[in-house]
Amino acid sequence: MLKIKSVSNNFCKDIIYLKWRIFYMCNYNCPYCIQVAQKKKENFNGELFEKEKAKAFSTAEKIDAFLAKVNPEGKNVSLEIIGGEVTLLDLVSLLDRIKDEHINYVSITTNGSKPVDYFYNVSE
């Protein structure tokens, strides 16, 4: 089970910032990648990917429950999603698991390996 590693007060009264590192798996091997430098990057492996995908979808539901507990005032939520390469997942389906209506901003870090239509679908 994945656990929250830290919660910090950023002293911002109007917004909650949430950073979610989904996994370290990636479909590229860029020499400048910080994951490579930290020896955390995982090469794509179909069996491991299915396990990581299941964890991500489960975690999305936990994030939704977490936000319901920590945000009773209904502050805006900014969600940053990073990996590895987060677009290996179906982000539309993943984000649909987070029902919190206060998420007003989603940021992803990607290597751009998906076609532009993928990103149009995510942004709708």
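Remember, it's a predicted structure, so these values are computed and weren't measured experimentally.

Conventions used here
- Residues numbered from 1 in each chain as written.
- Predicted model: local features only at pLDDT ≥ 70, side-chain atom pairs only at ≥ 80, totals over all residues.
- Heavy atoms only, no water.
- Phe/Tyr/Trp six-rings, centres within 6.5 Å; stacked < 30°, edge-to-face > 60°.
- Buried < 20%, exposed > 50% of the residue type's maximum accessible area, 1.4 Å probe, protein only.
- Lys NZ or Arg CZ within 6 Å of the ring centre and 35° of its normal.
- Helix = DSSP H or I, 4+ residues; strand = E, 2+ residues; numbered from the N terminus.
- Contact = heavy atoms within 4.5 Å.

Caption draft 1: Highlighting the packing of aromatic side chains. The final tally for this structure, using the stated rule, is two aromatic pairs. Each ring, one from Tyr118 and one from Phe119, has its centre 5.3 Å from the other, and the planes form 85 degrees; the classification is edge-to-face. On the basis of relative accessible area, Phe119 is assigned to the partly exposed category, the value being 25%. Positioned above the aromatic ring of Tyr118 is the side chain of Lys114, whose terminal nitrogen or guanidinium carbon lies 5.3 Å from the ring centre.

Caption draft 2: Highlighting the environment of Phe23. The residue Phe23 is located in the loop between β1 (15–21) and β2 (25–26) in this model. Among the residues examined, Phe23 registers a relative accessible area of 3% and is labelled buried. Sequence separation between Phe23 and Gly83 is 60 residues; the distance between their C-alpha atoms is 5.0 Å. Setting aside chain neighbours within four positions, we find Phe23 in contact with Phe49, Glu52, Ile82, Gly83, Gly84, Glu85, Leu88 and Leu89.

Nothing here speaks to function; it is all geometry.
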